[in-house]
Every structure is written in C-alpha cells, then in structure tokens.
Amino acid sequence: IGLFRLFSRFKAYSRTLVLSAALRALASGILFLAGAGLEAFVIMTAVMVAVERLLPSVLAWAILRGHIGPGLARTPLRGINAENPGLWRFIVMVNMNAQARSSIRRYDVIALGTLIGPAELGLYIIARRISMVLFRIGAPLQLVAYPRICELVNDGKIQRMVRMVLAVCGMFLAASAVAVIA
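The structure reproduced in this document is the subject of the present report. (Residues numbered from 1 in each chain as written. Predicted model: local features only at pLDDT ≥ 70, side-chain atom pairs only at ≥ 80, totals over all residues. Heavy atoms only, no water.)

**Quick notes on the overall build of the protein**
Formally: Helix and strand labels come from DSSP, where a helix needs a run of H or I of at least four residues and a strand needs a run of E of at least two; each type is numbered from the N terminus. The contact criterion used throughout is that any non-hydrogen atoms of two residues lie within 4.5 Å. For accessible areas, the Shrake-Rupley method is used with a probe of radius 1.4 Å. Any residue's cover is judged against the shown protein chains and nothing else.
Scanning the protein for helices and strands turns up seven helices and zero strands. Sequence separation of 24 or more characterises 56% of the internal contacts of the protein that already satisfy a separation of 6 or more. A total of about 13400 Å² of accessible surface is found on the protein, and carbon and sulfur atoms cover 70% of it.

The following block contains the structure:
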C-alpha cells in the first residue's frame, strides 16, 4: 500500500480491491447458478484469496519497476541496514502486529463460544461478517478519498473538503444499506 501512496497510485490499489471483490461475487454467482457444491466454493475462495493477495503485489512491482527501471531486480541489498537502521525491527513489528490482529479476529469466536450459547454466537458471527462487508466496501473509498482530502486541506479548500467528506459518507451509507438489506 505504501508504494501506491508514495507514487500517487492509490486509485490503482482501490481498483484492485473492487476488481477482486467483483470477481469473487461473479464466481460465487456462477457457482451458485451451476449448482456447485461446497467443495467448489472452498476452492474458489482459496483461489480468490491468493489472487487478492498477489494482485496488489504484482501491480506494485510494475509501478516500482516503471519508476526505477529494468535494473530493479539486480539492485544490491548491501547497505540497506546502514541507510535504514531500524528497518528490520520495523518489518518484524508490523508483521507481529498483523498476526496479533488476525489472531484476535479468529479466536474471539472460540472465546465467546465458551461464554454464550450457540444461537447468540451465530448472531455474533453474522454481525461480524456484515461489519466486514461494510469495511471492505469502505476501504477503497478511504484509500482514494484520504489523499484527496489532504490535498484539499493543504490547498485551503475547506468547503470542497467538507463536501467531499459528506459525499464519501453518503456513498458509504448507501453501500452499507445495500449490504445490510442484501
């Protein structure tokens, strides 16, 4: 994500998110209409997760290669620690943070299951999935809108910034309503 922001290509990243979500919905619809079983849905989900993870990396590599040139892969890694003394510590801490967040999202159901009954746990899981759908809808909006909002504030165009924030909130609210109703 950092490369997309660094080179002002955050729209490309948000498009990959929307594209992967649309492909997943399309594949799910096709499998549903074809009467596919659970195994087909699991395979499709595994493939889509891999695509969702690889697509931004491939796009970021292409953007970086476009700015640096074809010699990117031959760039030596010697001296990186001298130029950026805390780089490896930062990478490890970011990965540990991501793992901790991921673990919390996975183990909350197990912990909650020991405290409440199956019906309440089912409602919790449904509510959590709805909130994740809303988050996925809002993530591309935030990726595109935030840098533009910063530009507007920097240029002193506060009224345009307020209008943009209200428009983004309206789009998110409409998309959320559709997700909740569906």
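**Quick word on the packing of helix H2 (residues 10-33) against helix H3 (residues 38-68)**
Rules: A fitted line through C-alpha atoms serves as each axis, taken over the contacting stretch for helices, and the angle formed by two N-to-C directions is quoted from 0 to 180°. Working definition: roughly parallel below 35 degrees, roughly antiparallel above 145 degrees, roughly perpendicular at 65 to 115 degrees, and oblique for all remaining angles. A crossing counts as left-handed when the near helix is turned anticlockwise from the far one by less than a right angle, and as right-handed when that turn is clockwise.
The geometry of H2 relative to H3 is characterised by a closest axis approach of 10 Å and an angle of 165° between their N-to-C directions. As judged from the angle between their axes, H2 and H3 are roughly antiparallel. For the pair H2 and H3, the sense of crossing is right-handed. Residue-level contacts link Ala12, Tyr13, Thr16, Leu19, Ser20, Leu23, Arg24, Ala27, Ser28, Leu31 and Phe32 of H2 to Ala40, Phe41, Met44, Thr45, Met48, Val49, Glu52, Leu55, Pro56 and Leu59 of H3.

**Things to note about the side chain of serine 20**
For serine 20, the location among the structural elements is in helix H2. Those residues in contact with serine 20 that sit more than four places away from it in its chain are Met48 and Glu52.

**Some words on the pattern of salt bridges**
Rules: Just to be clear on terms, a salt bridge is a Lys or Arg side-chain nitrogen sitting within 4 Å of an Asp or Glu carboxyl oxygen.
Tallying each qualifying case throughout the model produces one salt bridge. The partner of glutamate 52 in a salt bridge is arginine 24, with the nearest N and O atoms 2.9 Å apart. In this pair, glutamate 52 is assigned in helix H3 and arginine 24 in helix H2, connecting sequence segments 28 residues apart.

**Some thoughts on H3**
Condition: Given the number of residues in a helix, its expected span is that number minus one, multiplied by 1.5 Å. The term bend refers to the angle at a residue between two fitted axes, each drawn through seven residues, those ending there and those starting there.
Between the first and last C-alpha of H3 there are 45 Å, a value that for 31 residues agrees with the 45 Å anticipated at 1.5 Å per step. If you look at H3, its biggest bend is around 25°, right at leucine 54, and the proline proline 56 turns up within four residues after that.

**Things to note about a nonpolar patch on the surface**
Note the cut-off: Exposure above 30% relative accessible area and the lack of any salt bridge qualify a residue for a patch; like charges then connect within 9 Å, and the nonpolar side chains Val, Leu, Ile, Met, Phe, Trp and Tyr within 5 Å. Accessibility here uses a 1.4 Å probe with only protein chains present; expressed as a share of the type maximum, an area under 20% marks a residue as buried, one over 50% as exposed, and anything in between as partly exposed.
A surface patch of nonpolar side chains, about 370 Å² in accessible area, is lined by Leu19, Leu23, Leu26 and Ile30. Note that leucine 26 resides in helix H2. Overall, the relative accessible area of 52% leaves leucine 26 in the exposed class.

**Remarks on the side chain of glutamate 52**
Put simply, the rule reads: Counting of polar contacts relies on pairs of N or O atoms within 3.5 Å, with two restrictions inside protein: one atom must be capable of donating a hydrogen and the other of accepting it, and residues adjacent in sequence are counted only when both atoms are side-chain atoms.
The class of glutamate 52 is buried, set by a relative accessible area of 13%. A polar atom in the side chain of glutamate 52 sits 2.9 Å from the side chain of arginine 24.

**Quick notes on H2**
Under the 1.5 Å per step criterion, the end-to-end length of H2 is 35 Å for 24 residues, consistent within 8% with the ideal 34 Å. Those residues of H2 that fall on the buried side of the exposure criterion are Phe10, Ala12, Tyr13, Ser14, Thr16, Ser20, Ala27 and Leu31. Immediately beyond the C-terminal end of H2, within one or two residues, lies glycine 35, with a positive phi of roughly 75°.

**Details of the environment of leucine 31**
When you line up the elements, leucine 31 lands in helix H2. With a relative accessible area of 18%, leucine 31 lands in the buried category. As a C-alpha pair, leucine 31 and methionine 44 span 13 residues in sequence and 8.8 Å in three-dimensional space. Sequence-distant contacts of leucine 31, defined by excluding residues within four places in its chain, comprise Ala36, Ala40, Phe41 and Met44.

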